[in-house]
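What the coordinates show
Listed below are the residues making up each chain.
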Amino acid sequence: MPESARLVHSSCHATSGGASLRVGLGADALDRALNGGLARGRLHELWPAHPSDLGAATGFALMLARLAAGPTGTIVYLAEARGAHRAGALHGPGLVEIGVDPARLVLVEAPDARELLRVAADVVRSPAVAAAVLAPARPTPLLDLTAGRRLTLFAERSGATALLLAAADPAQPSAAATRWRVAAAPSVPLDAGAPGHPAFLAELVRQRGGPPAPPARLEWRRDLARFTDLSQPVAAVAGGGRVARA
Amino acid sequence: MRLTAVGRAALQAGLTPGLTLADARARAPALHAVERDRAAEARLLGRIVAGCARYTPAVAAEPPDGLVLDATGCLEPWGDATALADDLLDRLAAGGVAARAGHGGTPQAARARARFGDAPDLRDLPVAALEAAPDVTTALRRAGLRTVGDLARRPRALLAARFGDLALRLARLLEEEDPRITPARTAPPVAASRRFAEPIGRVEDAFAVLRDLVAEAAVTLAERQQGGRLFAARLFRSDGHVAALRVATGRPTRDPALVMRLFDERLAALADPLDPGFGFDAVRLDVARAEPLAPAQEGLDAPADDREALGDLLDRLATRLGPARIRRLGPGDSHIPECAEEVLPAGTAPAWQPAGEGEPPLRPLRLLHPPEPVEAVLFETPDGPPARFRWAGIDFRVVHEEGPERIAAEWWRRRDRGGQPRDYFRVEDEAGRRFWLFRRGQAAWFLHGLFA
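The sections below set out a description of the structure shown in this document. Within every chain, residues take consecutive numbers counted from 1 along the sequence as written. Numbering of ligands from 1 and lettering of chains from A proceed in the order in which they are written. In keeping with the predicted nature of the model, local features appear solely for residues at pLDDT of at least 70, side-chain atom pairs appear and are counted solely at 80 or more, and the whole-chain, interface and lining totals rest on all residues. The side-chain quantities take in all heavy atoms of the structure and omit both hydrogens and water.

Section: the overall build of chain A
- Strands here are runs of E lasting at least two residues and helices are runs of H or I lasting at least four, both read from the DSSP assignment and numbered beginning at the N terminus. The number of helices and strands found in chain A is 8 helices and 12 strands.
- To sort residues, take the accessible area from a 1.4 Å probe on protein chains only and compare it with the maximum for the residue type: under 20% means buried, over 50% means exposed, and anything in between is partly exposed. Out of the 246 residues in chain A, the part that is buried amounts to 61%.
- By definition in these notes, contact holds between two residues if any of their heavy atoms fall within 4.5 Å. Long-range contacts, defined here as pairs at least 24 residues apart, represent 68% of the contacts in chain A between residues at least 6 apart.
- In the structure as shown, chain A presents an accessible area of about 9,200 Å², 58% of it carried by carbon and sulfur atoms. Note that accessible areas follow from Shrake-Rupley with a 1.4 Å probe, and for residues the cover is restricted to the protein chains shown.

Comments concerning the side chain of Arg439(B)
Residue and element names in this part refer to chain B.
- Within the secondary structure, Arg 439 sits in strand S14 (residues 434-440).
- Identification of polar contacts relies on pairs of N or O atoms within 3.5 Å, with a donor-acceptor requirement for protein atoms, meaning one able to donate a hydrogen and the other able to accept it, and with residues adjacent in sequence counted only if both atoms are side-chain atoms. A polar contact of 3.2 Å, which involves the side chain of Arg 439, links it to the backbone oxygen of Asp 383.
- Once you skip the residues sitting within four places of it in the chain, Arg 439 turns out to touch Phe 379, Thr 381, Pro 382, Asp 383, Gly 384, Pro 421, Arg 422, Asp 423, Phe 425, Ala 444 and Trp 445.

Here's the deal with the environment of Ala71(B)
- The topology assignment puts Ala71(B) in the loop between strand S2 (66-69) and helix H4 (81-94).
- Placed 10 residues apart in sequence, Ala71(B) and Ala81(B) show a C-alpha to C-alpha distance of 7.9 Å.

Observations regarding the sheet that holds strand S5 (residues 89-90) of chain A
- If you walk across this open sheet you meet the 8 strands as S5(A)-S9(B)-S15(B)-S14(B)-S13(B)-S12(B)-S11(B)-S10(B), and the pairing is antiparallel. The open sheet is flanked by S5 of chain A together with strand S10 (375-379) of chain B, the only strands paired with a single partner.
- Pairing between two strands is assigned when DSSP locates at least 2 bridges connecting them. Pairing of strand S13 (residues 422-429) of chain B with S14(B), which is carried by 7 bridges, proceeds in the antiparallel orientation. Note that in S14(B) the partner of Arg422(B) across the bridge is Arg440(B).

Structural notes on the packing of helix H10 (residues 203-223) of chain B against helix H11 (residues 256-269) of chain B
Residues and elements named next belong to chain B.
- Viewed as axis vectors pointing N to C, H10 and H11 meet at an angle of 145 degrees, and their least axial separation amounts to 9 Å. Between H10 and H11 lies a crossing of right-handed hand. On H11, the residues that touch Val 203, Phe 207, Leu 210, Arg 211, Val 214, Ala 215 and Ala 218 of H10 are Pro 256, Val 259, Met 260, Phe 263, Asp 264 and Leu 267.
- A breakdown of the residues in the contact of H10 with H11 according to their chemical character gives 11 nonpolar, no polar and 2 charged. For helices, the fitted axis covers only the stretch in contact; all axes are lines through C-alpha atoms, and the angles between them, taken along N-to-C directions, range from 0 to 180 degrees. The crossing is said to be left-handed when, going from far helix to near helix, the turn is anticlockwise and less than a right angle, and right-handed when the turn is clockwise. The classification used treats Ala, Val, Leu, Ile, Met, Phe, Trp, Tyr, Cys and Pro as nonpolar, Asp, Glu, Lys and Arg as charged, and all other residues, Gly among them, as polar.

Some words on the sheet that holds strand S4 (residues 226-237) of chain B
All names here are of chain B.
- Judged by pairing direction, the sheet is antiparallel, and its 4 strands sit side by side in the order S3-S6-S4-S5 without closing on themselves. Only two strands of the sheet have a single neighbouring strand rather than two, namely strand S3 (190-200) and strand S5 (242-253). In this sheet, adjacent strand axes meet at a mean angle of 10 degrees when their direction is disregarded.
- Examined bridge by bridge, S3 and strand S6 (residues 280-292) share 7 bridges and lie antiparallel to one another. What sits directly across from Val 190, in S6, is Val 287.
- Most of the contacts of H11 go to S5, to which it runs at about 135 degrees, and overall it touches S4, S5 and S6.

Concerning the pattern of salt bridges
- Any carboxyl oxygen of Asp or Glu within 4 Å of a side-chain nitrogen of Lys or Arg constitutes a salt bridge here. Scanning all chains against the criterion turns up 43 salt bridges over all chains.
- Between Asp150(B) and Arg153(B) there is a salt bridge; the shortest N-O distance is 2.9 Å.
- Overall, Arg153(B) belongs to the exposed group, its relative accessible area being 62%.
- Salt bridges sharing partners connect three or more residues here, namely Glu115(A), Arg118(A), Asp122(A), Arg125(A), Glu265(B), Arg316(B) and Arg320(B).

A look at the interface of chain B and chain A
- Tallying the contact residues gives 56 residues for chain B and 66 residues for chain A.
- Values labelled buried area give the accessible surface lost by two parts on being combined, using a 1.4 Å probe and summing over both. For the chain B and chain A pair, buried surface summed over both sides reaches about 5,200 Å², with 57% attributable to carbon and sulfur atoms.
- Together, Arg325(B), Leu365(B) and Arg366(B) form the three largest contributors to the area buried by chain B at its contact with chain A, with a combined 14%.
- Our count for the chain B to chain A interface comes out at 5 salt bridges.
- Notably, a salt bridge pairs Arg327(B) with Glu109(A), separated by 3.7 Å at the nearest N-O pair.
- Put simply, the parts of the chain that give the side of chain B that touches chain A at least two residues each are helix H12 (302-321), strand S7 (326-331), strand S9 (366-373), strand S12 (394-407) and S13 of chain B.
- The element that contributes the greatest number of residues to the side of chain B that touches chain A is H12(B), accounting for 9 residues.
- Split by residue class, the side of chain B that touches chain A holds 31 nonpolar, 5 polar and 20 charged.
- As judged from the 2 bridges shared by S5(A) and S9(B), these two strands associate in the antiparallel manner.

Overview of unusual backbone geometry
- In this structure, Pro64(B) follows Pro63(B) across a cis peptide bond, with omega equal to 5 degrees.
- One can find Pro64(B) in the loop between strand S1 (59-62) and S2.
- A cis geometry characterises the amide bond from His369(B) onward to Pro370(B), with omega recorded as 5 degrees.
- Tracing the sequence through the fold places Pro370(B) in strand S9.
- One non-glycine residue, Asn35(A), lies in positive phi territory at about 60 degrees.
- Examined against the element boundaries, Asn35(A) turns out to sit in the loop between helix H2 (28-33) and strand S2 (38-39).
- Overall, the relative accessible area of 59% leaves Asn35(A) in the exposed class.
- Phi is positive for Ala225(A), which is not a glycine, with a value near 55 degrees.
- For Ala225(A), the position within the fold is in the loop between strand S11 (213-221) and strand S12 (226-229).
- A relative accessible area of 1% means that Ala225(A) is categorised as buried.

Topic: the packing of aromatic side chains
- Ring pairs shown here join Phe, Tyr and Trp side chains whose ring centres sit within 6.5 Å, with only the six-membered ring taken for Trp; geometry is labelled stacked below 30 degrees between planes, edge-to-face above 60, and tilted in between. Per the stated rule, a full pass over the model turns up 15 aromatic pairs over all chains.
- Seen in terms of ring centroids, Tyr424(B) and Trp436(B) are 4.1 Å apart; in terms of plane orientation they differ by 25 degrees. Their pairing is stacked. Of the two residues, Tyr424(B) is situated in strand S13 and Trp436(B) in strand S14; the sequence distance between them amounts to 12 residues.
- Cluster of aromatic residues (ring-pair linked, three or more members): Phe60(A), Trp180(A), Phe200(A), Trp220(A) and Phe227(A).

Encoded structure:
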């Protein structure tokens, strides 16, 4: 059963000790910079480096949610209604193909930013939610330090990991544990030059109680449910999509 | 044109329903006549029926101008049916509605007393009270049968042979046979209500009463080993207005705290705040749908607990945002991208096939619906991939691509048996942004999705 196989993998690279409060991304340099991995039960913030990177940023947020939620936990994707049209809406078959089973994903639509924040508090506070992606349609002054602290507090209590997917660089201080700028990165092409597995340039712009990290080129390996570091040539050859596809 | 209804003043001026308008104007030149508005009548009757839920759950409208209440088992707060009727008439009079009431052992007996005089003995009522067809009534009068009693003394078999349903009408009127009314609202499985001697003016206080009612209903539900799925609260304002709030849960529940949280949520989500007006004088809670729910067990295991917590969350969100905004995606039975997924209620558990091992994503994470046309597309061969394109004012240069993947229109589902096939390409630009483009026809290019 593939689900149990994934369970083994994810528990392997979750850091040992405690109830695995941090989950390793799979890229060593980045995990070291993060002091073991992405902290669960915290608020993390990320945004696309450029508007056309929204697909990449959405994918990265969902992949982090997948890592934090483990193989079966419920993920809530809470989006603002007005933003849905220009860049499309989440597509079920596409979710399957990045390893997020749509059956565990609850899509919630809030009419505006204010309602999104109110609902986000309920979602993040719920013990039933393992991870939540919060996607306002545009930068909003409502998402200030106080709102971030509230969400952090709720996340700490419930253990849910909150991922705030901003539409653009928020350019205001934030209470998030980590802040990421995400761009698409050239993938490792497959046979006949076909685009390969999802690849990202993820820059840890800021982290609470730690140094920022330079941009890392990460590849998402759906079948392992983890990232690999493409910046290191060895990893790229050993884990490249070319081998898997041949 | 004829008069269908007249006011008190018109009645005193000698006008009666049925008079032609021209005659009426001749008799009373100052007559103010308006056209009959059946829709408004039906609305008024509907409001009165809704308001009568304070007396009994079984209320039925008898259009155009009547209603019947089945007060069986509901008289205890009033003492007797006359007191209940007086209360109803007072309220109607306060609202400007002139009405008459009657009560009896059957709906027909009550109706006859209300419409044909409140005779202590039903046999003293005129034969018109049977409300048979006009020619039947005329025939009875001509035969010298003035009252219901006259008719009742005749052999019933003869009546049935001569006048069809007259015998049945007689039996129902004389309380010999009791048909059930068809209430506007079926009686809920579990209900609780409270009336106040003095109207209460604060919504908070009304909600405190509602809290008691929910707790009361929970006890009944627990006795029946049931849980509610749909709860309806009705706050009756003393001026006749009824405010209805309903909440639904994904699973049967009888947890008063949970139900009250949902009611609070519903109250907070109201576009117009609840207006107490001159105060509420009754509150009623109906558990409109109940389902079996086993008694609570100690030591529930964690997954069940989690499922329950998720159910609670989904209920709260659905109450706040509306159920249409809480969804899950299920697989669709089609290879057309737009139809390859189905939007389902959040309570469902769709089953998706896992992706093929080792394959990169072949379908986009975000699907644009409808597809967006892209401009300035350069392509080297007529059926080859694009080399450049412009979307949202930005030029993208393609460095990697795969395709075409031809997706044919589902002509067998289309009435015109038409539809052009689309040739899809997965492309990646210099910076690594991955897009899903398709070409339709010779040179019409569209962006259909964004990959991660």
